[in-house]
Amino acid sequence: MDCTALNRTGTCPSNYPRAIEEEEPGPRSTCPEYFRWIHEDLRAWAHTGITREAVETAKRTANFRLVIVNGKAYVERYQKSFQTRDVFTLWGILQLLRRYPGKVPDLELMFDCVDWPVVGKSGGYAGPPPLFRYCGDDRTLDIVFPDWSFWGWPEINLKPWEGLQKELREGNTKKRWMEREAYAYWKGNPAVAETRMDLMKCNVSEEHDWNARVFAQDWVKESQQGYKQSDLANQCLHRYKIYIEGSAWSVSQKYIMACDSLTLIVKPHYYDFFTRSLVPVHHYWPIQEHDKCKSIKFAVDWGNSHKHKAQEIGKAASSFIQDELKMDYVYDYMLHLLTQYSKLLTFKPVVPKGAVELCSESMACNAAGLENKFMMESLVKGPSERAPCTIPPPYDPPSLSAVLRRNSNSIKQVELWEKRYWDNQNNSSRLRGIGCYTIYRGD
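The chain goes by Glycosyl transferase CAP10 domain-containing protein in an unreviewed UniProt entry, where it is assigned to Linum tenue.

## Details of the pairing of strand β3 (residues 107-111)
In terms of burial, β3 is a largely internal element, five of the five residues being buried. Neither face of β3 is open: one carries L107, L109 and F111, the other E108 and M110, and all of them are buried. In the sheet, strand β1 (residues 64-69) pairs with β3 via five bridges, with the strands oriented antiparallel. Bridge pairing in β3 links V67 to E108. Pairing of β3 with strand β4 (residues 131-133) involves two bridges; the strand directions are parallel. Bridging from a neighbouring strand, M110 pairs with L131 of β4.

## Structural notes on the state of the cysteines
Across all of its chains, the model carries five disulfides by this definition. Each sulfur of the disulfide joining C12 and C359 lies 2.2 Å from the other. Its torsion about the S-S bond being -90°, the disulfide of C12 and C359 is classed as left-handed. Here the residue C12 occupies a position in the loop between α1 (3-9) and α2 (37-41), and C359 occupies one in the loop between β11 (356-358) and α12 (360-364), the gap between them amounting to 347 residues. This pair shows no difference in class: C12 is buried, exactly as C359 is. Each sulfur of the disulfide joining C202 and C293 lies 2.2 Å from the other. Here the S-S torsion is close to -90°, and the disulfide linking C202 with C293 is therefore left-handed. Of this pair, C202 sits in the loop between α6 (194-199) and β7 (212-216) while C293 sits in helix α9 (residues 292-305), and the two are 91 residues apart along the sequence.

Cut-off values and rules
Residues numbered from 1 in each chain as written. Predicted model: local features only at pLDDT ≥ 70, side-chain atom pairs only at ≥ 80, totals over all residues. Heavy atoms only, no water. Buried < 20%, exposed > 50% of the residue type's maximum accessible area, 1.4 Å probe, protein only. Helix = DSSP H or I, 4+ residues; strand = E, 2+ residues; numbered from the N terminus. Pairing = 2+ DSSP bridges. Disulfide = S-S within 2.5 Å.

Next up, the structure:
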């Protein structure tokens, strides 16, 4: 980082490596299973390719156009994103270029920083617009990309993922699972979605105890008090933690699942780049969307009666987050996604007249406060000494169907247990009626 040179010349430095020496021959590690979804996310263009016309169509809702030519990044901005989403997304891409100089191919793409996917599968396009964003759903073709919070979210004092991941690992050791509160915990902003407002009804009251302890997060008050009550590393205090979507998907999922607690996931409608590899009753416990309170109570009662299995599921989730969501893999996912995307382009990427070159210096040297702090903490210091992992092959249709069927069957099995539980409750039998059932993954 040479801010002096940047201030003197007004241009990005030219002395950073543009390529790295070939790694020593030998077997490379295979990327985690969720990398296979890269092929699925790009399947809409597998036979037709991506035309310039299709890219320009995606401009309609994009916050910026990113162009990479000869290892340099250029951006053409269209509209400011909410808070610093665009800033830290672009920062993350610059760190990818520093980590793997010479490996990121020439490309041109549109990026939309808004939560909701918009490219419908039945949109009537001559060719669907390839639009990058942070999440997708089963009805859309938006291309999912790691979200900005991996490099920090200064507006809520959320640290970059690499350092925070270590803090969460240490926070996990502060209280053994058996010593934790035997309830389901959630804390967040309920005002962003009706489903979260509905969750607040599950809190303990004079009439009911649904085994849930849910709290509304006041970010204005929290910022005034120095974020003392929102330290994620100090929130691994309950046996169960609830994940529920906001206006769309939520960045909170990776933090919630890192706690060794059994994660209770209220039926999601969106996915991000890694969540499609999560297996119900192996990584998390599914919660019904339209009957949350009863579903949560059953899940907690089941876990408290099957402590060993509950701990096993919680540990599988935190191991996934710690081992398969390391920043090494986040960067490798970005590299493989952009590489596969670039292969589909039917045109030669060019730098538009309105674009400006971006580099780490031009962003960090002009940043202040937490923006600068988080950028410096997440700065890639030099080219990676390890080769990227090897992307696994795409799913064939029978394999993909088997994955989806397994997940669906596991969720249906939990719903069946839950129904029997409440039937038995009505008969004053409580948990005896489900004690003999064995959890299985369905595969």
